[in-house]
Structure formats: C-alpha cells, structure tokens
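Residue-level structure breakdown
Next come the chains, spelled out residue by residue.
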Amino acid sequence: MSTLKPATVRRVAVIGGSRVPFARSDGPYATASNQEMLTAALDGLVDRYDLQQPGAVDEFVAGAVLKHSRDFNLAGETVLGSRLDARTPAYDIQQACGTGLQAVVAAANKIALGQTDAAVAGGSDTASDAPLGVNDGLRKVLLEARRAKTLGARLKALAKVRPGHLVPDIPRNAEPRTGLSMGEHAAVTARAWGVTREAQDELAAASHQKLAAAYERGFFQDLVVPFRGLARDQNLRPGSTVAKLATLEPVFGLDGPEPTMTAGNSTPLTDGAAVVLLASEEWAERRGLEPLAYLTAYETAAVDFVHGDVADGEDGLLMAPAHAVPRMLERAGLGLDDFDLVEVHEAFASQVLATLAAWEKRGLPPVDRARLNVAGSSLATGHPFAATGARIVATLAKLLAERGAPGRGLISICAAGGQGVTAVLERP
C-alpha cells in the first residue's frame, strides 16, 4: 500500500496587483458590468507581468457580492474575455466584503501546498448595475403556471397575477436576520464602544489626505489602470478636513441619542474591481520578478450579531476581526508591536475605531496611528465589496517593499453577515 508524502509548505509571494480606479455608484461606471471591470483589472495585470502566454498562471479565483444570474461563472467568463490564456482554470468565491481577501487565501493555499505555482485572485462589484429580482409573489405564480399540466390550469394560475406583483425586488443593504442596514448595525456598535463623532471625522479626513498624498507621489502608478475616463478613485476628496466633515448631518443611528455617523465618515456605494498576482518563489525567480512581500498567516472569524453580546459591542455585525486578529497573532506567535504597518478596512470610521478599542480590551497594545492605513483606505477609495481585499493586499505588499527593509503588515477586513477575514504579510 502506497502512502502520500507530506507536502512541503512553500512561501507564497505577492508579486503585484492591478485595479481600476473605484467610482461612486451611478457615476462613470453606471453601465459597466462586474465582468467588464474585472476584465480591465485582470488585463492590466496580464500586460504588466507578461502573462499572455499559455499556462502563465495556474488559476484565477475571484468573486462578486452583487451578482446577476449571468455572473454565475464570473471568474471563468472574465478569463475568456481577457488576455489571459483561455485555458486557465477559474472559479468563483464569495464571503461578502471579505471576498477579495478570501480569494487570495484560496489561491495561496494551493501555492503553499505545491498544487499550483502561480495564481491571480481578486473581485469585482457594482452597486450601479445591481440585479433586480422578480417579485416573489410573481415568481410563485409563474412557477405554478409552469408546473400546470393543461392550458386551463396554466391560465388559472396566470390569472392570479396582481399589479403589486410587477414591482421588482431590489437588493437592499440590509441583513436578512435583522432587517438593519450595515450602517445601522455600525451605529449600534459605535454607541456600544463610545466612539465619538470627532474621532470618526479625524479618521475619515486622514484617509483622504493619505490617499491623495500617495497618488501625488506616484505610488499607484503600477497598481491602478485607467478605466472609462478615470485615472484616480472618484471618491477621493484631497481637501477633506475635520471642519468640513463636521458640517455633514448624521445618516445612521438616527433612532438613538446623538447620532455620529455621516456620509463623510462612512464609505459610499462604489463600483470597481481589483486583482493580485500570487506565486511561489521558484516561479518568481524563473521570471526575474522580486516578490513585494509574502503571505504568511490568515484567519477568519464570525460573530453572532443576532443573539450574541451585541449591546456591549462584542458581537456587533462588523466586529469579527476583533476576534480573528488576536487568535491569528497567538497562533503565529506575534504581537501588534511586531507590525510596521496595519491595514484596517474602513467600512465605517466608527467600525475601525471600535475594532481598535476591542483589540486593546483583549490585551493588545494600541495601534500607532502613524502605521495605520498609511496610503488611505476605503473611506477615501470607496468600497466595491469583493474588490477591497485584493486592493488592500496589493497596496500593503508594495508599502512593505518600498520601505527597503524587513517588515510585517497586518490586514483586517470586516464583512456583512458577521464575518471577518484577516491576514499577515511579511517582507524578510
């Protein structure tokens, strides 16, 4: 009887990334599909790293949160429409806002185990081209008509159609279990952790200022490909200040005392796509490519935002990273002080601040703000749900590389459904 030899775990290198500029919904990308945006991002990567030849990479892994039925094979169709070899295997993955990072993890696992040598991972989302569903009442009538055995029975079923059935089901940014939007859940968490309006506006203004500075110094020149007339993220407001943000009216948590969350310290609905190239060290060496960084650890977590300790903030909808990061660090034998850079996805400024407070409550040291989201993050770039993970991985890997010294970076991404995905990048 033969036995399988245990696999040797290899280091997974982050080679580079590509994304289209992110745009506010119903703006420049209003008529762009997930596939079109993802193809543009992928082609940018193919061109930059000369991936046109057959077998250049072994897999393409990507996903979207807001998907039409035509997007059931989004990754595969994107490959077929891109300059990547059409014979490249592809599959979809989805974990709400954690989709992009979870795609990276899925691709990295196969590289680490020696099953593949190189892969592209990422995601795309459009809030502009959101799918409209058939009214559930109409759907049931149509199914009854389809199942009918006679013309009379079919006509009897169709006679049940009412004017109200013609109203489509429009996707809502709300949790099915609670009926609350992500913003309303974040407002509950903000109150639980005592997050102030001023602190949120300070974080939001800093995000815009840092992103603007990164663009000005050319940081995104090899990470962003122009698309539909945009060369920079449309949501970027270089002149953002705390004073300007303070003039905005609250939009979430209006049913509670002293609401603090505004359109300025929350991410807007956004369209965009991003991908990242991952590989083994051997693959990179054969091609003469120097890895930007290595993906060395990752962890997922979930909270019970329906029945859990929501009032005290521990199980707020977007608080899963508060549980995942301490667990990941303990498993890796690391502390927060071991990180030179920290990337916390800015779904809402309040959520970032609550997460930082929760880490401290769990015994981790405070995060030095000079190391937090140093090139800006989602409050400034926007947040196309499935694209954010790949954006952050590529950005952090390049930030580590340009330091010219060994370093380590932490990634923390919260997601709808009480999910959280976190990871560690290192540069030896």
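Scroll up to find the structure.
Presented here is a report on the structure given in the accompanying data block. Since the model is a prediction, treat every value here as computed from it, not as a measurement. Numbering of residues starts from 1 in each chain and follows the order in which that chain's sequence is written. In keeping with the model being predicted, local features are shown solely for residues with a pLDDT of at least 70 and side-chain atom pairs are shown and tallied solely at 80 or more, while totals for entire chains, interfaces and linings include all residues. Only hydrogens and water are removed before side-chain values are computed, so all heavy atoms of the structure are retained for them.

Right, let's talk about the environment of Arg24 for a bit. Within the element layout of this structure, Arg24 appears in strand β2 (residues 23–24). With a 1.4 Å probe rolled over the protein chains alone, any residue whose accessible area is under 20% of its type maximum counts as buried; one over 50% counts as exposed, and the rest are partly exposed. In this structure Arg24 comes out as partly exposed when scored by relative accessible area, which is 33%. A sequence separation of 341 residues divides Arg24 from Pro365, and the C-alpha atoms of the two residues are 36 Å apart. Throughout, a contact is declared for two residues whenever any of their heavy atoms are within 4.5 Å. Residues within four places of Arg24 in sequence aside, it is in contact with Gln234, Asn235, Arg237, Pro268, Leu269 and Asp271. Helix and strand definitions here come from DSSP, where helices need a minimum of 4 consecutive H or I residues and strands a minimum of 2 consecutive E residues; each element is numbered from the N-terminal end.

With that settled, consider the pairing of strand β10 (residues 341–344). The side chains of a regular strand alternate, first on one face of the sheet and then on the other. Side chains Leu341 and Glu343 project from β10 onto one buried face, and the interleaved Val342 and Val344 project onto a second face that is buried too. Pairing between two strands requires that DSSP report at least two bridges joining them. Direction of pairing for β10 relative to strand β11 (residues 407–415): parallel, over a ladder of 4 bridges. Considered in β11, the bridge of Val344 is made with Ser412.

Right, let's get into the pattern of salt bridges. For side chains of opposite charge, pairing can occur when their charged atoms come near one another. Counted as salt bridges are all cases of a side-chain nitrogen of Lys or Arg within 4 Å of a carboxyl oxygen of Asp or Glu. Taken as a whole, this structure holds 22 salt bridges when the rule is applied. The residue Glu314 makes a salt bridge to Lys361 at a minimum N-O spacing of 3.0 Å. Of this pair, Glu314 sits in the loop between β9 (293–302) and α10 (320–332) while Lys361 sits in helix α11 (residues 349–361), and the two are 47 residues apart along the sequence. Relative accessible area serves as the criterion here: at 15%, Glu314 is assigned to the buried category. The exposure class assigned to Lys361 is exposed, which follows from its relative accessible area of 55%. Residues participating in the shared-partner salt-bridge network are Arg10, Asp117 and Glu282.

A positive phi angle, close to 55°, is found at Asp50, a residue other than glycine. With a relative accessible area of 47%, Asp50 lands in the partly exposed category. The phi torsion at Arg228 lies on the positive side, around 50°, for a residue other than glycine. Within the secondary structure, Arg228 is located in the loop between α7 (197–216) and α8 (242–245). Look at Arg228 and you get partly exposed, because its relative accessible area is 36%.

We call a set of buried residues a nonpolar core when its members are Ala, Val, Leu, Ile, Met, Phe, Trp, Tyr or Cys and they connect through side-chain atoms within 4.5 Å of each other. Counting residues in hydrophobic clusters, the biggest one holds 47 residues, and the most contacted among them are Leu278, Ile411 and Leu425. Broken down by element, the residue count for this core peaks at 9 residues, all from helix α13 (residues 388–402). Among the nonpolar cores identified, the runner-up in size contains 36 residues, and Val46, Val57, Leu230 and Leu277 belong to it.

Time to look at a nonpolar patch on the surface. For patch detection, residues must exceed 30% relative accessible area and be free of salt bridges, and they are connected within 9 Å for like charges or within 5 Å for nonpolar side chains (Val, Leu, Ile, Met, Phe, Trp, Tyr). Note on areas: Shrake-Rupley, 1.4 Å probe, and residue coverage restricted to the protein chains presented here. Residues Leu142, Leu151, Leu155 and Leu158 make up a contiguous nonpolar surface patch of roughly 370 Å² in combined accessible area. Among the elements that take part in the nonpolar patch, helix α5 (residues 151–158) stands out by supplying 3 residues, more than any other.

Attention now moves to the packing of aromatic side chains. In summary, the pairing rule links any two rings of Phe, Tyr or Trp, Trp by its six-membered ring, whose centres are within 6.5 Å, and it sorts them by plane angle into stacked for under 30 degrees, edge-to-face for over 60 and tilted for everything else. Under the counting rule described, the total for this entry stands at 4 aromatic pairs. Arranged with centres 4.6 Å apart and planes meeting at 40°, the rings of Tyr215 and Phe220 form a pair that is tilted. Of the two residues, Tyr215 and Phe220, both sit in the buried class. On the numbers, 5.0 Å between centres and 85° between planes, the contact of Phe219 with Phe220 is edge-to-face. Accessibility classification places Phe219 together with Phe220 in one group, the buried group. Through pairs of rings, three or more aromatic residues link up here, namely Tyr215, Phe219 and Phe220.

Here we take up the layout of surface pockets. Definitions used throughout: a 1 Å grid over protein atoms alone; a cavity as a set of points that fits a 1.4 Å probe which cannot get out; a pocket as an open set with protein on both sides within 12 Å along at least five of seven lines; a lining residue as one with an atom within 4 Å of a point. Grid points are joined across faces, edges and corners, and a volume is the space filled by probe spheres set on the points. In this structure, the second largest pocket spans a volume of roughly 290 Å³. In terms of lining, the second largest pocket is formed by 15 residues, of which the most central are Asn173, Phe252, Thr267, Pro268 and Leu269. Put simply, Ala, Val, Leu, Ile, Met, Phe, Trp, Tyr, Cys and Pro go in the nonpolar bin, Asp, Glu, Lys and Arg in the charged bin, and everything else, Gly too, in the polar bin. In terms of residue class, the lining of the second largest pocket is made up of 8 nonpolar, 6 polar and 1 charged.

With that settled, consider the environment of Tyr29. Looking at the secondary structure, you find Tyr29 in the loop between β2 and α1 (34–48). With relative accessibility at 0%, the residue Tyr29 sits in the buried group. For the pair Tyr29 and Pro226, spaced 197 residues apart in sequence, the C-alpha separation works out to 12 Å. What Tyr29 contacts, discounting residues up to four positions off in sequence, is Val20, Pro21, Ala23, Met37, Ser128, Phe227, Arg228, Leu230 and Asp271.

With that out of the way, let us pick up the state of the cysteines. Cysteine sulfur pairs qualify as disulfides if the two atoms are within 2.5 Å. Within this structure, the stated rule accounts for 0 disulfides. Unpaired in this structure, Cys97 has its nearest cysteine sulfur neighbour in Cys414, at a distance of 6.3 Å. By relative accessible area, Cys414 is classed as buried at 1%.

Bear in mind that shape data such as this cannot, by itself, settle questions of function.
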